[in-house]
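Single-letter residue listing:
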Amino acid sequence: MIVIYHNPECGTSRNVLQIIKDAGYTPTVIEYLQTGWTQDQLLALFAAADLTPQTALRATKSPAQALGLFDEGVTDEAILAAMIEHPVLVNRPIVCSPLGVKLCRPSEVVLSLLDKWPQGPYYKEDSQMILDEQGQCLG
């Protein structure tokens, strides 16, 4: 089973979801901006993906700067509380598979979580080739 924590407005998230589908999987898609996060959920995901609240914090197109989350001395607990209140603060997409859990940025990172890949050549939505004609990863 594959689970993707997805934001349909994000190009990287859309690319990762499409790679998963084109590889033949039917993932569980969780649109976390609608569902939100719980503290236990985030802590489990971060532990599995070897992330911390600080390393999972979305820096651009989020209120992180305005909330002072980049200020010196801000604790992981404060960042985690802000992520629960403002789900957009969590960088995405996060993908869970039997092979592990990862923040899939750039989108090719998801290939390490899949037993099978899409047929090559394969291009992201911006026309960047990520798999050649033989299905070898170019990243």
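Preceding this section is the structure that the text describes.
Residue numbers here run from 1 along each chain, matching the order of that chain's written sequence. With pLDDT at 70 or above as the cut-off, local features in this predicted model cover only qualifying residues; side-chain atom pairs require 80 or more to be listed or tallied, and sums for whole chains, interfaces and linings still use all residues. As a rule here, side-chain values cover all heavy atoms of the structure and leave hydrogens and water aside.

1. Things to note about the environment of Leu 33
- Counting from the N terminus, the helices are DSSP H or I runs at least four residues long and the strands are E runs at least two residues long. Counting through the fold element by element, Leu 33 comes out in helix 2 (residues 32-35).
- Once the C-alpha coordinates of Leu 33 and Cys 137 are considered, the two residues, 104 residues apart in sequence, prove to be 31 Å apart.
- Contacts are residue-level and defined by heavy atoms, with any inter-residue pair within 4.5 Å sufficient. Contact partners of Leu 33, with chain neighbours within four places excluded, come to Asn 7, Pro 87 and Val 88.

2. Some words on the nonpolar core
- We call a set of buried Ala, Val, Leu, Ile, Met, Phe, Trp, Tyr and Cys residues a nonpolar core when their side-chain atoms join them within 4.5 Å. Note on classification: 1.4 Å probe, protein chains only; a residue is buried when its accessible area is under 20% of the maximum for its type, exposed when over 50%, partly exposed between these limits. Tyr 5, Phe 46, Met 83 and Ile 94 are the most contacted members of the largest nonpolar core, which has 24 residues in total.
- When contributions to this core are tallied by element, the ones reaching two or more residues are strand 1 (3-6), helix 3 (39-49), helix 5 (76-85), strand 3 (94-97) and strand 4 (100-103).
- Judged by nonpolar contacts, the second largest core, of 17 residues, contains Ile 2, Val 110, Leu 111 and Leu 113.

3. Comments concerning the side chain of Ser 13
- Here Ser 13 shows up in helix 1 (residues 11-22).
- Here Ser 13 falls in the buried class, since its relative accessible area comes to 0%.
- Polar contact is the term for a pair of N or O atoms within 3.5 Å; when the atoms are in protein, one must be able to donate a hydrogen and the other to accept it, and sequence-neighboring residues count only if both atoms are side-chain atoms. A polar contact of 3.1 Å, which involves the side chain of Ser 13, links it to the backbone nitrogen of Asn 7.
- In contact with Ser 13, not counting residues within four places along its chain, are Ile 4, Tyr 5, His 6, Asn 7, Arg 92 and Pro 93.

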